[in-house]
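Structure at a glance
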2 protein chains.
Amino acid sequence: MHKPKHHIFVCTSSRANGQTKGYCQSNEGLAIMQRFIEEIDDREIGGDVFLSNTGCFGICEKGPIVVVYPDNIWYGKVHPDDVEEIMDSHIEGGEIVDRLVI
Amino acid sequence: MHKPKHHIFVCTSSRANGQTKGYCQSNEGLAIMQRFIEEIDDREIGGDVFLSNTGCFGICEKGPIVVVYPDNIWYGKVHPDDVEEIMDSHIEGGEIVDRLVI
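Per an unreviewed UniProt entry, chain A is named 2Fe-2S ferredoxin, and its organism is Methanospirillum stamsii.

Laid out in structure tokens, this is it:
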């Protein structure tokens, strides 16, 4: 199969039982997800960049969490306004956004 | 932060809005998740192996889907009974389970 070049995981506190309850969900996890959807669509890079929402990563004190694989870069305290920089710098520019790395 | 050696993502069709509806959820995605929880607990390797449920990966025809990062190995048509082999062979043994790779 065609694997994504970057697979972005956004914690939306999505529990497997259907509940969405947790730090990231309460702190704009969904807005972060929405911003990524918009940026990926606008840039027309959906073939190379894949986006997934997830359940809790267990490091809520560093949330909201965004993880990029296979790069294995973990970002914390992400705000929806940071998404454009992550897309510009990391996903399209290849430069990790150091100030958000945890 | 301490990054997991293997991060296992299981599709449970967890939508960001709280719905859990989709192919993997209807085809034992939750049972697969539960089996991984048990295997990781039993082997006491929770410090090195991280488990997350996700929303739909968009390749439902190959589901249920399990992805292991940063290895970047995608497994499809996974059955709960396959979990022990994935743990033994791939996660603990370093040998990818070829018959499930998509």
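Right, picking up where we left off after that structure.
Before going further, it helps to examine the overall build of chain A. Looking only at helices and strands, chain A features three helices and four strands. For 102 residues, the compact-globule estimate of 2.2 N^0.38 gives 13 Å, and the C-alpha radius of gyration of chain A, at 13 Å, lies within 12% of that figure. Along the longest, intermediate and shortest principal axes, the C-alpha atoms of chain A span 30 × 30 × 20 Å. Evaluated residue by residue, chain A yields a buried proportion of 50% over its 102 residues. Here the analysis covers contacts within chain A between residues at least 6 apart in sequence; of these, 60% occur between residues at least 24 apart. Total accessible area on chain A is roughly 4,600 Å²; 46% of this is exposed by carbon and sulfur atoms. Looking at charge distribution, chain A has the averaged site of its 9 positive side-chain charges lying 10 Å from that of its 17 negative ones.

Reading guide: rules and limits
Residues numbered from 1 in each chain as written. Chains lettered and ligands numbered in written order. Predicted model: local features only at pLDDT ≥ 70, side-chain atom pairs only at ≥ 80, totals over all residues. Heavy atoms only, no water. Helix = DSSP H or I, 4+ residues; strand = E, 2+ residues; numbered from the N terminus. Rg over C-alpha atoms; globule rule 2.2 N^0.38 Å. Buried < 20%, exposed > 50% of the residue type's maximum accessible area, 1.4 Å probe, protein only. Contact = heavy atoms within 4.5 Å. Areas by Shrake-Rupley, 256 points an atom, 1.4 Å probe, with all protein chains shown as cover. Lys, Arg positive; Asp, Glu negative; His and termini not counted. Charge placed at Lys NZ, Arg CZ, Asp CG, Glu CD.

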